[in-house]
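Overview (structure and organization)
As a plain string of letters, each chain reads:
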Amino acid sequence: LVEETLWGLGRVVVAFSGGVDSTLLAKLARDALGRENVLAVTADSPSLAREDLAEACRLARVLDLEHRVVRTQEVSDPRYRRNTQERCYVCKTTLFAELDVLARVHGMSAVLYGAIADDQLSERPGQRAALERGVRAPLQDAGLSKWEIRELARALGVPNWNRPQNACLSSRIPHGREVTEDTLGQIERAEAFLYTQGFRQVRVRHLGEQARIEVEPEAVLRFNDTLLRQQTERELQKLGFLSVTIDPAGYHPGGADR
């Protein structure tokens, strides 16, 4: 069903974050339409970790995608910085406007993004932006859920088929607390440290002067190691956090607002 949709579109721009959903979509589009008819585009802003940008670029090379990185300015938008429930809507509206321009310049007939069947409109303001701009979501239209996405990606040899779920750095900040470039930088550096310690799923929730760390639930007990705990506290305090806590339940989506 996804391939049939793609064949009917001709030439497409794919919003390419480097997550498993957008990577599978880009792979399917390239296989169905040919490299010259697919442009994968990654939006770069302070809300994107440098490691995630590098990974998107690496994946594009591995999959032999025509790839472009565009700088977006959503973090400078006061509506985004206020960090209300509409933050994702502002972000996606900015992104899709950029992709519309690229599509027109390169003669592409459609803009695609990696929403899936698990994404509910009521919980994903970015989907409203997609509907308003006519951005297509072939994986969602085909009714593919996350486990099906991962299995299909694995079968097709997509390198990141088992990559942990991720989101922009702004998602670590509770709604109602201002998003700033300095805050995003603190979060990025704190999470980069934790990745160097071998954790796979990492969120550093920014609660003002406090950082709350979430890692994969099976790894939480690693912080019983006094040396690791003390080193983590020292590193995050260097970044400006006065106190550091570990969530005993581990990572869970939407944890910033809990």
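Residues numbered from 1 in each chain as written. Predicted model: local features only at pLDDT ≥ 70, side-chain atom pairs only at ≥ 80, totals over all residues. Heavy atoms only, no water.

As for the overall build of the protein chain
We count it as follows: The helix count covers DSSP runs of H or I at least four residues long, the strand count covers runs of E at least two residues long, and both are numbered beginning at the N terminus. Taken over C-alpha atoms, the radius of gyration is set against a globule rule of 2.2 Å times the number of residues to the power 0.38. In what follows, residue pairs with any heavy atoms lying within 4.5 Å of each other are defined as contacts. When charges are counted, Lys and Arg are positive and Asp and Glu negative, with His and the chain ends excluded. The atom standing in for a charge is NZ when the residue is Lys, CZ when it is Arg, CG when it is Asp and CD when it is Glu.
Assigned secondary structure in the protein chain consists of 10 helices and seven strands. Computed over the C-alpha atoms, the radius of gyration of the protein chain is 19 Å, within 12% of the 18 Å expected from 2.2 N^0.38 for a compact globule of 258 residues. Seen through its C-alpha atoms, the protein chain measures out along the principal axes to roughly 55 × 40 × 30 Å. Residue pairs at least 24 apart in sequence account for 72% of intrachain contacts in the protein chain once pairs closer than 6 positions are excluded. For the protein chain, the distance from the average site of its 35 positive side-chain charges to the average site of its 37 negative ones is 2 Å.

Brief notes about the nonpolar core
Spelled out, the test is: Working definition of a nonpolar core: buried Ala, Val, Leu, Ile, Met, Phe, Trp, Tyr and Cys residues. They are joined through side-chain atoms within 4.5 Å. Burial classes: relative accessible area under 20% of the type maximum marks a residue as buried, over 50% as exposed, and values in between as partly exposed (1.4 Å probe, protein chains only).
Grouped together as the largest cluster of nonpolar side chains are 28 residues, with contacts concentrated most on Val12, Val14, Phe16, Leu112 and Leu139. Taken together, the elements giving at least two residues each to this core come down to helix H1 (2–7), strand S1 (12–15), helix H2 (20–33), strand S2 (38–44), helix H3 (50–62), strand S4 (110–112) and helix H8 (146–155). Ranked by residue count, the leading element in this core is H2, at seven residues. The residues contacting Leu112, other than those within four sequence positions of it, are Leu6, Leu9, Val12, Val13, Val14, Ala15, Leu25, Val135, Arg136 and Pro138. If you look at the next biggest cluster of nonpolar residues, it comprises 19 residues, including Ala15, Leu102, Val111 and Ala137.

Considerations on helix H10 (residues 226–238)
Let me state the cut-off plainly: One fewer than the residue count of a helix, multiplied by 1.5 Å, yields its expected span. Working note: the arc is built from the helix axis to C-beta atom directions. We define a polar contact as two N or O atoms separated by no more than 3.5 Å, with the added condition that, inside protein, one atom must be a possible hydrogen donor and the other a possible acceptor, whereas residues neighbouring each other in sequence contribute only through side-chain atom pairs.
When the terminal C-alpha atoms of H10 are compared, their 18 Å separation across 13 residues agrees well with the 18 Å that a helix rising 1.5 Å per residue should span. Here H10 has its buried residues at Leu228, Thr232 and Leu236. Looking down the long axis of H10, one finds its buried residues gathered within 55° of arc, a one-sided arrangement. For H10, the exposed residues lying more than 90 degrees away from the buried face are Leu227 and Lys238. If you follow the buried residues of H10, they end up packed against helix H9 (181–196), strand S5 (202–207), strand S6 (210–215) and strand S7 (243–246). The N-cap residue of H10 is Asp225: its side-chain oxygen and the backbone nitrogen of Leu227 are 2.9 Å apart.

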